[in-house]
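For reference, the chains in residue letters:
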Amino acid sequence: MNRVAVTGMGIIDTLGANPTECFDSMLDTYYSHPPLFKHSRLERHRQQPVFPVDRSKLVLPELRPSVLNNLEPCNLFALHTIEQALKQSGVKHSENVGVIGSSITMGNYVAMDTWPPILSETGRVRPKLLLNTAKDYMSGFICRHYGYKGLNTCVYAACATSLFSIDFAMRYVDEYDYVICVISEHGVNEADISFSRQLGAMGTKSCPFDDDRDGFIMGEGSGCFILESEEKAKKRNANIIAYLHTPGFGSDVSSPTSPDPDGAAAKLSMKNALKNNDVSFVNAHGTSTPIGDEIEYNAIKEVVGNVPIVSNKSKIGHTFGACGIIEAIYTIKSLQTGQIPDNHNITKCSFDTDGMITDKNRTTTGKKALNNSFGFGGKCASQLIEIV
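Conventions used here
- The residue count restarts for each chain, going from 1 along the sequence in the order it is written.
- Totals for whole chains, interfaces and linings use every residue, but because this is a predicted model, local features are given only for residues with pLDDT of at least 70 and side-chain atom pairs only at 80 or more, for both listing and counting.
- To obtain the side-chain values, all non-hydrogen atoms of the structure were used and water was disregarded.
- What makes a patch is a set of residues exposed beyond 30% relative accessible area and free of salt bridges, joined within 9 Å when like-charged and within 5 Å when nonpolar (Val, Leu, Ile, Met, Phe, Trp, Tyr).
- Only the protein chains shown count as cover for residues, and the accessible areas themselves come from Shrake-Rupley with a 1.4 Å probe.
- Salt bridges, as used here, are contacts in which a Lys or Arg side-chain nitrogen is within 4 Å of a carboxyl oxygen on Asp or Glu.
- Runs of E in the DSSP output that reach at least two residues are strands. Runs of H or I that reach at least four are helices, and both are numbered from the N terminus.
- Burial classification: accessible surface area is computed with a 1.4 Å probe over protein chains only, and a residue below 20% of its type maximum counts as buried, one above 50% as exposed, and the rest as partly exposed.
- Between any two strands, at least two bridges found by DSSP are needed for them to pair.
- Ring pairs are drawn from Phe, Tyr and Trp, using the six-membered ring of Trp, whenever the two centres fall within 6.5 Å, and their geometry is named by plane angle: stacked under 30 degrees, edge-to-face over 60, tilted for the rest.
- Cation placement over rings: the criterion is NZ of Lys or CZ of Arg within 6 Å of the ring centroid and within 35° of the ring normal.
- By the convention used here, residues are in contact when the closest approach between their heavy atoms is within 4.5 Å.
- Note on definitions: angles span 0 to 180 degrees between N-to-C directions of axes, and those axes are lines fitted to C-alpha atoms, for helices only across the stretch in contact.
- Here roughly perpendicular refers to angles of 65 to 115 degrees, roughly parallel to angles under 35, roughly antiparallel to angles over 145, and oblique to all remaining angles.
- Gly is put with the polar residues, along with every residue not named as nonpolar or charged; the nonpolar set is Ala, Val, Leu, Ile, Met, Phe, Trp, Tyr, Cys and Pro, and the charged set is Asp, Glu, Lys and Arg.

### Quick notes on a nonpolar patch on the surface
Side chains of Trp115, Ile118 and Leu119 sit close together on the surface and give an oily, nonpolar patch of about 310 Å² of accessible area. Looking at the secondary structure, you find Trp115 in helix H4 (residues 108-118).

### With respect to the pairing of strand E5 (residues 178-185)
When you tally the buried positions in E5, you get 8 out of 8 residues, the bulk of the element. Bridge count for strand E3 (residues 97-102) against E5 is 6 bridges, and the pairing is parallel. Paired with Val97 across the bridge in E5 is Tyr178. When E5 meets strand E7 (residues 221-229), the two strands line up antiparallel, connected through 7 bridges. Following the sheet pairing, Glu185 is matched in E7 by Gly221.

### Overview of the packing of aromatic side chains
Inspection of the entire model under this criterion finds 7 aromatic pairs. With 6.4 Å between their ring centres and 15° between their planes, Tyr137 and Phe141 make a pair best called stacked. Highlighted residues: Tyr137 and Phe141, both in helix H6 (residues 137-146), separated by 4 residues, approximately one helical turn. Here Tyr137 matches Phe141 in class, with each residue buried. Taking 5.4 Å as the distance between ring centres and 10° as the angle between the ring planes, the aromatic pair formed by Tyr146 and Tyr148 counts as stacked. For Tyr146, a relative accessible area of 11% translates into the label buried. On the basis of relative accessible area, Tyr148 is assigned to the buried category, the value being 5%. Within the aromatic cluster, the residues linked to one another by ring pairs are Tyr146, Tyr148 and Tyr178. A cation sits over an aromatic face here: Arg3 above Tyr243, 3.7 Å from the ring centre.

### A look at the environment of Ala242
Residue position: Ala242 is located in strand E8 (residues 242-244). On the basis of relative accessible area, Ala242 is assigned to the buried category, the value being 0%. Ala242 sits 145 residues away from Ile387 along the chain, and the two C-alpha atoms are 4.3 Å apart. Apart from residues lying up to four places away in sequence, Ala242 is in contact with Val4, Ala5, Val6, Ile332, Ile385, Glu386 and Ile387.

### A closer look at the packing of helix H1 (residues 19-27) against helix H13 (residues 323-337)
Angle between the axes and distance between the axes: these two values describe a pair of packed helices. Running from amino to carboxyl end, H1 crosses H13 at an angle of 75°, the nearest separation of the two axes being 10 Å. Of the possible angle classes, the one that applies to H1 and H13 is roughly perpendicular. Where H1 abuts H13, its residues Pro19, Thr20, Cys22, Phe23 and Met26 lie against Ile329, Tyr330, Lys333, Ser334 and Thr337. Across the contact of H1 with H13, the residue classes break down as 6 nonpolar, 3 polar and 1 charged.

### Side note on unusual backbone geometry
At Asn237, a residue that is not glycine, the phi angle is positive and equals roughly 60°. Looking at where Asn237 falls in the secondary structure, it is placed in the loop between helix H9 (230-235) and E8. For Asn237, a relative accessible area of 70% corresponds to the exposed category. Even without being glycine, Asn276 reaches a positive phi, approximately 70°. Secondary-structure assignment places Asn276 in the loop between helix H10 (264-274) and strand E10 (282-283).

What follows is the structure, encoded as C-alpha coordinates:
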(Lines give C-alpha, C1' and ligand atoms only; values in the text may rest on other atoms or scores of the structure.)
Protein backbone atom coordinates (compact mmCIF):
# COMPACT_ATOMS: atom_id res chain seq x y z
CA MET A 1 0.00 0.00 0.00
CA ASN A 2 1.22 3.49 -0.88
CA ARG A 3 1.70 6.02 1.86
CA VAL A 4 -1.66 7.56 2.69
CA ALA A 5 -1.95 11.30 2.38
CA VAL A 6 -4.54 13.63 3.88
CA THR A 7 -5.32 16.26 1.25
CA GLY A 8 -8.44 17.76 2.79
CA MET A 9 -10.01 17.93 6.22
CA GLY A 10 -13.12 19.37 7.81
CA ILE A 11 -14.37 19.72 11.36
CA ILE A 12 -17.22 21.03 13.48
CA ASP A 13 -17.46 20.80 17.26
CA THR A 14 -18.43 22.97 20.17
CA LEU A 15 -15.45 25.31 19.58
CA GLY A 16 -16.07 26.14 15.94
CA ALA A 17 -16.92 25.13 12.42
CA ASN A 18 -13.53 24.79 10.68
CA PRO A 19 -10.01 23.64 11.64
CA THR A 20 -8.54 27.11 12.16
CA GLU A 21 -11.42 28.40 14.28
CA CYS A 22 -11.49 25.25 16.39
CA PHE A 23 -7.73 25.16 16.96
CA ASP A 24 -7.47 28.86 17.80
CA SER A 25 -10.23 28.41 20.37
CA MET A 26 -8.45 25.35 21.77
CA LEU A 27 -5.24 27.36 22.21
CA ASP A 28 -7.03 30.25 23.89
CA THR A 29 -6.31 30.12 27.62
CA TYR A 30 -9.88 31.22 28.38
CA TYR A 31 -12.01 28.31 29.56
CA SER A 32 -15.78 28.35 29.13
CA HIS A 33 -17.64 25.85 31.29
CA PRO A 34 -20.06 23.69 29.29
CA PRO A 35 -23.69 24.85 29.26
CA LEU A 36 -26.48 22.79 30.78
CA PHE A 37 -28.68 20.55 28.64
CA LYS A 38 -31.65 22.80 29.36
CA HIS A 39 -33.64 21.90 26.25
CA SER A 40 -33.65 18.19 27.09
CA ARG A 41 -37.01 16.50 26.67
CA LEU A 42 -36.28 14.65 29.93
CA GLU A 43 -36.25 16.87 32.98
CA ARG A 44 -33.69 14.72 34.79
CA HIS A 45 -31.03 15.69 32.24
CA ARG A 46 -31.56 19.45 32.27
CA GLN A 47 -28.80 20.06 34.82
CA GLN A 48 -26.28 17.92 32.94
CA PRO A 49 -23.40 19.93 31.39
CA VAL A 50 -22.85 19.25 27.66
CA PHE A 51 -20.70 20.52 24.77
CA PRO A 52 -23.13 21.02 21.85
CA VAL A 53 -22.47 22.11 18.28
CA ASP A 54 -23.66 25.59 17.28
CA ARG A 55 -25.91 24.56 14.40
CA SER A 56 -26.15 28.13 13.14
CA LYS A 57 -22.58 27.63 11.85
CA LEU A 58 -23.46 24.69 9.63
CA VAL A 59 -22.69 25.30 5.96
CA LEU A 60 -24.57 22.71 3.96
CA PRO A 61 -24.92 21.87 0.28
CA GLU A 62 -28.28 22.62 -1.29
CA LEU A 63 -30.87 20.11 -0.08
CA ARG A 64 -34.55 19.78 -0.87
CA PRO A 65 -36.76 20.54 2.17
CA SER A 66 -38.17 17.01 1.97
CA VAL A 67 -34.64 15.65 2.35
CA LEU A 68 -33.46 18.13 4.95
CA ASN A 69 -36.48 17.55 7.19
CA ASN A 70 -35.78 13.83 7.33
CA LEU A 71 -32.08 13.97 8.21
CA GLU A 72 -30.77 13.10 11.65
CA PRO A 73 -28.22 15.70 12.95
CA CYS A 74 -25.27 13.33 12.38
CA ASN A 75 -25.88 13.62 8.64
CA LEU A 76 -25.91 17.42 8.79
CA PHE A 77 -22.65 17.57 10.74
CA ALA A 78 -21.09 15.12 8.26
CA LEU A 79 -22.16 17.11 5.19
CA HIS A 80 -20.68 20.28 6.69
CA THR A 81 -17.27 18.68 7.20
CA ILE A 82 -17.27 16.87 3.85
CA GLU A 83 -17.90 20.15 2.02
CA GLN A 84 -14.92 21.71 3.82
CA ALA A 85 -12.64 18.78 3.10
CA LEU A 86 -13.56 18.54 -0.58
CA LYS A 87 -12.95 22.25 -1.07
CA GLN A 88 -9.55 22.13 0.63
CA SER A 89 -8.40 19.03 -1.22
CA GLY A 90 -9.26 20.36 -4.66
CA VAL A 91 -10.17 16.90 -5.92
CA LYS A 92 -12.30 16.68 -9.01
CA HIS A 93 -15.70 15.09 -8.72
CA SER A 94 -15.63 11.41 -9.61
CA GLU A 95 -17.92 8.42 -9.31
CA ASN A 96 -14.91 6.28 -8.41
CA VAL A 97 -14.87 7.31 -4.74
CA GLY A 98 -15.14 5.21 -1.59
CA VAL A 99 -16.99 6.41 1.49
CA ILE A 100 -16.55 5.32 5.09
CA GLY A 101 -19.23 7.15 7.07
CA SER A 102 -19.37 6.02 10.69
CA SER A 103 -21.25 6.94 13.85
CA ILE A 104 -22.16 5.21 17.09
CA THR A 105 -24.92 7.67 18.00
CA MET A 106 -26.52 7.71 14.55
CA GLY A 107 -30.27 7.25 14.87
CA ASN A 108 -30.43 7.29 18.67
CA TYR A 109 -32.01 10.74 18.69
CA VAL A 110 -34.80 9.93 16.24
CA ALA A 111 -35.27 6.47 17.77
CA MET A 112 -36.98 8.12 20.73
CA ASP A 113 -39.72 9.28 18.35
CA THR A 114 -39.80 6.38 15.91
CA TRP A 115 -39.61 3.23 18.02
CA PRO A 116 -42.57 3.83 20.40
CA PRO A 117 -45.13 4.06 17.57
CA ILE A 118 -43.53 1.17 15.71
CA LEU A 119 -43.91 -1.02 18.78
CA SER A 120 -47.54 0.00 19.23
CA GLU A 121 -50.43 -1.83 17.55
CA THR A 122 -51.37 0.90 15.10
CA GLY A 123 -48.56 3.47 15.04
CA ARG A 124 -46.65 4.48 11.95
CA VAL A 125 -43.70 6.79 11.28
CA ARG A 126 -42.22 8.41 8.19
CA PRO A 127 -40.11 5.71 6.46
CA LYS A 128 -37.41 8.25 5.48
CA LEU A 129 -37.02 9.27 9.11
CA LEU A 130 -37.00 5.65 10.25
CA LEU A 131 -34.11 4.89 7.91
CA ASN A 132 -31.98 7.29 9.94
CA THR A 133 -31.94 4.79 12.80
CA ALA A 134 -29.66 2.50 10.77
CA LYS A 135 -25.99 2.98 11.64
CA ASP A 136 -24.94 2.72 7.99
CA TYR A 137 -27.54 5.16 6.69
CA MET A 138 -25.10 8.07 6.68
CA SER A 139 -22.59 6.49 4.29
CA GLY A 140 -25.36 5.57 1.87
CA PHE A 141 -26.86 9.05 2.02
CA ILE A 142 -23.46 10.61 1.30
CA CYS A 143 -22.98 8.36 -1.74
CA ARG A 144 -26.43 9.18 -3.09
CA HIS A 145 -26.01 12.90 -2.54
CA TYR A 146 -22.61 13.16 -4.26
CA GLY A 147 -23.04 10.34 -6.79
CA TYR A 148 -20.20 8.19 -5.44
CA LYS A 149 -20.33 4.58 -6.65
CA GLY A 150 -17.45 3.00 -4.77
CA LEU A 151 -17.11 1.51 -1.31
CA ASN A 152 -20.05 2.48 0.90
CA THR A 153 -20.09 1.35 4.53
CA CYS A 154 -19.57 2.21 8.17
CA VAL A 155 -17.43 0.90 11.02
CA TYR A 156 -18.58 0.53 14.62
CA ALA A 157 -15.97 0.28 17.38
CA ALA A 158 -17.31 2.24 20.36
CA CYS A 159 -15.25 5.33 21.13
CA ALA A 160 -12.37 4.02 19.00
CA THR A 161 -14.58 4.10 15.89
CA SER A 162 -12.60 6.89 14.20
CA LEU A 163 -9.26 5.10 14.13
CA PHE A 164 -10.84 1.83 13.05
CA SER A 165 -12.67 3.74 10.29
CA ILE A 166 -9.50 5.53 9.20
CA ASP A 167 -7.60 2.22 9.12
CA PHE A 168 -10.32 0.68 6.94
CA ALA A 169 -10.41 3.70 4.61
CA MET A 170 -6.62 3.71 4.23
CA ARG A 171 -6.75 0.21 2.75
CA TYR A 172 -8.69 1.43 -0.30
CA VAL A 173 -6.78 4.52 -1.46
CA ASP A 174 -5.15 2.53 -4.26
CA GLU A 175 -8.52 1.37 -5.62
CA TYR A 176 -10.33 4.71 -5.77
CA ASP A 177 -9.54 8.19 -6.95
CA TYR A 178 -9.91 9.19 -3.30
CA VAL A 179 -11.64 7.98 -0.17
CA ILE A 180 -13.85 10.06 2.09
CA CYS A 181 -13.62 9.11 5.75
CA VAL A 182 -16.13 10.94 7.94
CA ILE A 183 -17.20 10.21 11.50
CA SER A 184 -20.07 12.20 12.93
CA GLU A 185 -21.72 12.14 16.35
CA HIS A 186 -24.79 13.77 17.85
CA GLY A 187 -24.23 12.60 21.42
CA VAL A 188 -26.05 15.50 23.05
CA ASN A 189 -29.39 13.69 23.08
CA GLU A 190 -31.49 12.03 25.73
CA ALA A 191 -30.79 8.45 24.64
CA ASP A 192 -26.98 8.62 24.71
CA ILE A 193 -26.84 10.76 27.82
CA SER A 194 -29.19 8.33 29.60
CA PHE A 195 -26.99 5.42 28.52
CA SER A 196 -23.80 7.07 29.77
CA ARG A 197 -25.30 8.27 33.04
CA GLN A 198 -26.74 4.84 33.79
CA LEU A 199 -23.22 3.43 33.46
CA GLY A 200 -21.87 6.10 35.82
CA ALA A 201 -19.46 7.38 33.17
CA MET A 202 -20.58 11.01 32.97
CA GLY A 203 -19.35 13.71 35.31
CA THR A 204 -19.95 17.32 36.27
CA LYS A 205 -16.92 18.94 34.62
CA SER A 206 -14.41 18.14 31.89
CA CYS A 207 -10.93 18.04 33.44
CA PRO A 208 -8.84 15.17 32.03
CA PHE A 209 -6.00 14.09 34.35
CA ASP A 210 -7.08 16.40 37.16
CA ASP A 211 -7.23 14.85 40.64
CA ASP A 212 -10.84 16.02 40.96
CA ARG A 213 -12.14 14.47 37.70
CA ASP A 214 -15.42 12.60 38.04
CA GLY A 215 -16.40 11.51 34.53
CA PHE A 216 -16.67 12.77 30.96
CA ILE A 217 -18.90 15.50 29.58
CA MET A 218 -20.80 14.65 26.40
CA GLY A 219 -19.74 16.51 23.27
CA GLU A 220 -20.77 16.29 19.64
CA GLY A 221 -19.31 17.04 16.25
CA SER A 222 -17.83 15.62 13.09
CA GLY A 223 -14.50 15.25 11.36
CA CYS A 224 -13.67 14.37 7.76
CA PHE A 225 -10.53 13.39 5.85
CA ILE A 226 -10.02 13.18 2.11
CA LEU A 227 -7.52 10.35 1.75
CA GLU A 228 -5.41 9.62 -1.30
CA SER A 229 -2.39 7.52 -2.06
CA GLU A 230 0.77 9.58 -1.99
CA GLU A 231 1.36 8.70 -5.65
CA LYS A 232 -2.04 10.02 -6.79
CA ALA A 233 -1.82 13.12 -4.62
CA LYS A 234 1.60 14.05 -5.97
CA LYS A 235 0.57 13.29 -9.55
CA ARG A 236 -2.14 15.95 -9.37
CA ASN A 237 0.14 18.33 -7.42
CA ALA A 238 -2.14 18.23 -4.40
CA ASN A 239 -1.25 19.99 -1.17
CA ILE A 240 -0.48 17.11 1.18
CA ILE A 241 -1.51 18.12 4.69
CA ALA A 242 -0.26 15.06 6.55
CA TYR A 243 0.58 11.39 6.26
CA LEU A 244 -1.29 8.77 8.27
CA HIS A 245 0.58 5.68 9.40
CA THR A 246 -1.18 2.37 9.89
CA PRO A 247 -2.91 2.39 13.29
CA GLY A 248 -1.91 0.00 16.03
CA PHE A 249 -4.53 -1.97 17.93
CA GLY A 250 -4.88 -3.82 21.18
CA SER A 251 -7.73 -5.67 22.87
CA ASP A 252 -8.31 -5.25 26.59
CA VAL A 253 -10.08 -8.33 27.94
CA SER A 254 -10.41 -7.26 31.58
CA SER A 255 -13.85 -5.56 31.59
CA PRO A 256 -16.62 -4.41 29.22
CA THR A 257 -16.26 -0.81 30.43
CA SER A 258 -13.04 -0.31 32.43
CA PRO A 259 -9.46 -0.59 31.15
CA ASP A 260 -7.00 -3.15 32.44
CA PRO A 261 -5.32 -1.64 35.55
CA ASP A 262 -1.93 -2.23 33.91
CA GLY A 263 -3.04 -0.63 30.62
CA ALA A 264 -1.94 -3.71 28.67
CA ALA A 265 -4.04 -3.05 25.57
CA ALA A 266 -3.18 0.65 25.51
CA LYS A 267 0.51 -0.21 25.63
CA LEU A 268 0.08 -2.76 22.85
CA SER A 269 -1.79 -0.36 20.56
CA MET A 270 0.85 2.35 21.04
CA LYS A 271 3.74 -0.06 20.46
CA ASN A 272 2.07 -1.37 17.29
CA ALA A 273 1.50 2.17 16.05
CA LEU A 274 4.92 3.63 16.85
CA LYS A 275 7.14 0.94 15.34
CA ASN A 276 10.22 2.60 16.91
CA ASN A 277 9.27 6.12 15.76
CA ASP A 278 9.80 9.02 18.14
CA VAL A 279 6.97 11.51 18.64
CA SER A 280 6.89 15.08 19.90
CA PHE A 281 3.69 14.64 21.94
CA VAL A 282 0.71 12.37 22.55
CA ASN A 283 -2.88 13.43 22.02
CA ALA A 284 -4.39 11.22 24.69
CA HIS A 285 -7.83 9.65 24.83
CA GLY A 286 -8.05 11.32 28.27
CA THR A 287 -11.78 11.36 28.94
CA SER A 288 -11.76 12.79 32.50
CA THR A 289 -12.83 9.49 34.07
CA PRO A 290 -11.40 8.59 37.51
CA ILE A 291 -9.94 5.26 36.39
CA GLY A 292 -8.95 5.64 32.74
CA ASP A 293 -6.81 8.79 32.74
CA GLU A 294 -4.14 7.63 35.17
CA ILE A 295 -3.90 4.22 33.50
CA GLU A 296 -3.38 5.86 30.11
CA TYR A 297 -0.82 8.27 31.57
CA ASN A 298 1.26 5.42 32.98
CA ALA A 299 0.99 3.46 29.72
CA ILE A 300 2.20 6.48 27.71
CA LYS A 301 5.07 7.05 30.12
CA GLU A 302 6.20 3.42 29.80
CA VAL A 303 5.85 3.08 26.02
CA VAL A 304 6.56 6.56 24.66
CA GLY A 305 8.63 8.11 27.43
CA ASN A 306 8.59 11.59 28.88
CA VAL A 307 6.66 13.59 26.28
CA PRO A 308 3.94 16.23 26.55
CA ILE A 309 0.43 14.80 26.91
CA VAL A 310 -2.70 16.72 25.94
CA SER A 311 -6.37 15.83 25.92
CA ASN A 312 -8.53 18.01 23.68
CA LYS A 313 -11.59 16.74 25.55
CA SER A 314 -11.00 19.34 28.26
CA LYS A 315 -12.62 21.91 25.94
CA ILE A 316 -14.76 19.85 23.56
CA GLY A 317 -15.93 17.00 25.76
CA HIS A 318 -16.14 13.39 24.65
CA THR A 319 -17.41 13.24 21.08
CA PHE A 320 -17.74 9.44 21.27
CA GLY A 321 -16.88 7.73 17.98
CA ALA A 322 -15.81 10.99 16.34
CA CYS A 323 -13.22 11.84 18.98
CA GLY A 324 -10.38 10.09 17.13
CA ILE A 325 -10.73 11.98 13.85
CA ILE A 326 -11.57 15.30 15.51
CA GLU A 327 -8.51 14.97 17.73
CA ALA A 328 -6.42 13.87 14.74
CA ILE A 329 -7.26 17.22 13.15
CA TYR A 330 -6.20 19.05 16.31
CA THR A 331 -3.00 16.97 16.27
CA ILE A 332 -2.26 17.98 12.69
CA LYS A 333 -2.87 21.65 13.52
CA SER A 334 -0.52 21.34 16.51
CA LEU A 335 2.23 19.90 14.33
CA GLN A 336 1.67 22.52 11.64
CA THR A 337 1.75 25.48 14.04
CA GLY A 338 4.27 24.06 16.51
CA GLN A 339 1.84 24.68 19.38
CA ILE A 340 0.55 22.05 21.80
CA PRO A 341 -2.58 23.23 23.66
CA ASP A 342 -3.25 23.19 27.37
CA ASN A 343 -5.12 20.57 29.27
CA HIS A 344 -7.68 23.19 30.29
CA ASN A 345 -9.65 23.22 33.53
CA ILE A 346 -6.93 21.35 35.42
CA THR A 347 -5.80 22.33 38.91
CA LYS A 348 -3.65 19.46 40.15
CA CYS A 349 -2.46 16.12 38.79
CA SER A 350 -0.69 14.35 41.66
CA PHE A 351 0.51 11.38 39.57
CA ASP A 352 2.17 13.60 36.94
CA THR A 353 5.54 13.58 38.67
CA ASP A 354 7.42 14.28 35.43
CA GLY A 355 5.35 17.25 34.28
CA MET A 356 4.09 15.56 31.12
CA ILE A 357 0.53 16.91 31.33
CA THR A 358 0.41 20.24 29.49
CA ASP A 359 -0.84 22.92 31.87
CA LYS A 360 0.43 25.73 29.69
CA ASN A 361 0.72 25.95 25.92
CA ARG A 362 3.96 24.35 24.80
CA THR A 363 5.84 24.55 21.54
CA THR A 364 7.21 21.77 19.36
CA THR A 365 9.35 21.50 16.26
CA GLY A 366 8.51 17.84 15.79
CA LYS A 367 6.87 16.38 12.69
CA LYS A 368 5.22 13.35 14.30
CA ALA A 369 2.69 12.81 17.09
CA LEU A 370 0.63 9.92 18.44
CA ASN A 371 -3.16 9.98 18.68
CA ASN A 372 -4.94 7.59 21.08
CA SER A 373 -8.57 6.41 21.06
CA PHE A 374 -9.89 3.78 23.44
CA GLY A 375 -13.43 2.40 23.62
CA PHE A 376 -15.78 0.23 25.64
CA GLY A 377 -15.28 -3.46 25.09
CA GLY A 378 -11.50 -3.11 25.33
CA LYS A 379 -11.01 -1.54 21.90
CA CYS A 380 -7.68 0.31 21.95
CA ALA A 381 -6.30 2.13 18.91
CA SER A 382 -3.36 4.47 18.37
CA GLN A 383 -2.13 6.21 15.23
CA LEU A 384 1.08 7.93 14.26
CA ILE A 385 0.48 11.19 12.37
CA GLU A 386 3.22 12.91 10.38
CA ILE A 387 3.26 16.28 8.67
CA VAL A 388 5.25 17.06 5.57
